Amino acid sequence: MPINDTNTIAGLLSRARCVQLAQYMIDGARPGSIAALWINLDRFQQVNHSFGYTGGNKILSIIANRLELATGNGVHLGHMGADEFLCLLPTEGLSQAVALAEHIMTMLEEPIMLNETKLHPVARIGIALLEPDEDSVSLLQRADQAMYLAKRNGKRWLQAEGDITAASGSCSILANTELEIESKLHQAIESGGLSLHYQPILRKDGSIDAVEALMRCTVNGRDISPTLFIPVAEKTGLITRLGEWTMSQGAIFARQLDEAGYPIKVAVNISRAQLLAPHFSQALSSALIYAALPADRLELELTESLFMDMSPTVQENLCDARAAGVGLAIDDFGTGYSCLANLKDIHAAKLKLDRAFAIALPEDSRAFAIVKAMTRLGQELGMTVVAEGVETKEQMHALLHAGVDAAQGYLYARAMSGDDLLAWLKVHKKKHVACVRKLSHDSLVR
Ligand code: C2E
Ligand code: MG
Ligand code: MG
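Heads up: these notes are all about the structure in this document. Fair warning: this is a prediction, and the values are worked out from it, not measured in the lab.

Remarks on the coordination of the magnesium ion (ligand 2)
Point 1. Those protein atoms acting as donors to the magnesium ion (ligand 2) are E212 (OE), N269 (OD1), E301 (OE) and D331 (OD), and they sit at 2.0 to 2.2 Å.
Point 2. Taken as a pair, the magnesium ion (ligand 2) and the magnesium ion (ligand 3) lie 3.7 Å from each other and share D331 as a ligand. With E301 in strand β12 (residues 298-303) and D331 in strand β13 (residues 327-333), the pair connects residues that are 30 residues apart, well separated along the chain. Here the two residues E301 and D331 agree in accessibility, since each one is buried.

A short note on the site of ligand 1
Point 1. Neighbouring ligand 1 are 21 residues, the closest being N269, S271, D331, E391 and Y410.
Point 2. Between D331 and ligand 1, the recorded distance is 2.8 Å, taken from a side-chain N or O atom to an oxygen atom.
Point 3. One of the side-chain N or O atoms of R355 is found 2.9 Å from a nitrogen atom in ligand 1.
Point 4. For ligand 1, whose unbound accessible area comes to 800 Å², protein coverage reaches 84%.
Point 5. For the shell around ligand 1, the secondary structure elements donating two or more residues are β9 (208-219), α6 (226-236) and β13.
Point 6. Broken down by element, the residue count for the shell around ligand 1 peaks at four residues, all from β9.

Quick notes on the sheet that holds strand β3 (residues 84-90)
Point 1. Strand order in the open sheet made by the five strands is β2-β3-β1-β6-β7, with mixed pairing throughout. Where the open sheet ends on each side, the last strands, each with one partner, are β2 (76-81) and β7 (157-159). Averaged over all pairs of adjacent strands, the angle between strand axes in this sheet comes to 20 degrees, irrespective of strand direction.
Point 2. Sheet analysis places strand β6 (residues 123-129) next to β7, joined by three bridges and oriented parallel. Its bridge partner being in β7, I127 is matched across the sheet by Q159.
Point 3. Against the sheet, helix α4 (residues 136-152) touches β1 (34-41), β2, β3, β6 and β7, its axis set at about 140 degrees to β6.

Structural notes on the nonpolar core
Point 1. Ranked by size, the top nonpolar core spans 79 residues in total, and within it L257, V266, L300 and L302 carry the most contacts.
Point 2. Sort the elements by how many residues they give to this core and helix α7 (residues 239-259) lands first, with seven residues.
Point 3. Contacts of L302, omitting those with residues within four sequence positions, involve I270, L275, F307, L318, L328, A329, I330 and D331.
Point 4. Counting 33 residues, the second largest nonpolar core, distinct from the first, contains V47, L67, L77 and A101.

Calculation criteria
- Residues numbered from 1 in each chain as written.
- Chains lettered and ligands numbered in written order.
- Predicted model: local features only at pLDDT ≥ 70, side-chain atom pairs only at ≥ 80, totals over all residues.
- Heavy atoms only, no water.
- Donors = N, O, S within 2.8 Å, 3.2 Å for Na, K, Ca; no water.
- Helix = DSSP H or I, 4+ residues; strand = E, 2+ residues; numbered from the N terminus.
- Buried < 20%, exposed > 50% of the residue type's maximum accessible area, 1.4 Å probe, protein only.
- Near = heavy atom within 4 Å.
- Polar contact = N/O pair within 3.5 Å; in protein donor to acceptor, adjacent residues only side chain to side chain.
- Areas by Shrake-Rupley, 256 points an atom, 1.4 Å probe, with all protein chains shown as cover.
- Pairing = 2+ DSSP bridges.
- Axes fitted to C-alpha atoms, helices over the stretch in contact; angles between N-to-C directions.
- Contact = heavy atoms within 4.5 Å.
- Core = buried A, V, L, I, M, F, W, Y, C linked by side-chain atoms within 4.5 Å.

Nothing here speaks to function; it is all geometry.
In structure tokens, the structure reads:
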């Protein structure tokens, strides 16, 4: 699969291009002669929450324009994802880089009018000057670290001093690994290190409701968790390609299950960025046609954060999927951005309750009351309610008492390769048949 190098803000370089360009500038340059300025906006999430993604995107393009005005020729500008930008420039030393940072901050912090609300953007900047024998990834990471430290310490800008990883604490270490994860993700794409694992979802009677396809990424024999690489793929735009691959592999696996005598639905996770792409419906129908799979054997899992901003493209894509017969499920419900008003507009067939609820059971009576209410609500809306992350019998007992229809979790099975799942299904089928026989025998005897 070729590397997707697209960027959402016209005219600015993508992350991958920034890394390449920085390396090109570094080759043959003397220490201190190249500066990287990593720029981040404060409270950008709040803008997204209050004005939706459309408002957020408007702000980002205003900021990008201002950056172009604030920096002249010879300064390269990149969009590193979400509200993060980068300036790369040849410099005579720290004072020149700091002067530019201050000028940028003054320009960016001019108020912005959005839907009659005056917003006051606040920018934080991390500055890194080229160290001896340093490569581009390290230079950019240090600029990113310095920005996080500036943010944490309430400073407007901060200069990275040598390797500050040890002093920077976990939040910046997380941020700093992003470039590394991105590079590993590209490596995995090129070397066939991506795969899908499958985790079954069981109904109350022990029959299989569906299997969820979960992406796995392995580089040099080491696994990277999806909780790390999915956000990076989303930030960089790679998720669109990965998502298409997942849909098509998931559909092929559903066909294989069918051929093996298990007509089971496969659920795939869909990120918001995928649904924003106008060709989503086309990719979905191609996946179904290629696998010769009936549409009702595929299910799309959507996180509720998606529903905060149902743009016309998202609505159209979801409508097309439903019209084609593909099922929709609301994933991780009850924690993130649950908005009950949205539930009435989304015609999903399944509601998956976030793992956070199962963890709290059976001890937490308040969590139990919430699960019971959410289950009732989901069922009233005609949805199958699934509890996620069930690990113990005690949790399952409480969840059944609360009325859930199905469950997914380590108690039954972890996510496993396609071959392992086929073997698991064989054993499970035997157990299930024996159990159903025993139940009907018991009821006859009684
Ligand atoms: P999710 O869709 O909510 O998937 C369920 C996650 O919970 C999976 O983690 C699964 O392995 C884990 N899980 C299942 N049962 C248990 C349990 O009993 N205990 C615990 N502690 N965990 C359990 P995983 O595979 O690490 O995936 C994490 C998240 O990454 C997924 O959450 C999903 O949001 C995202 N993801 C995974 N694959 C894809 C993909 O192909 N596309 C997209 N867009 N996102 C994906
Ligand atoms: Mg899911
Ligand atoms: Mg989930």
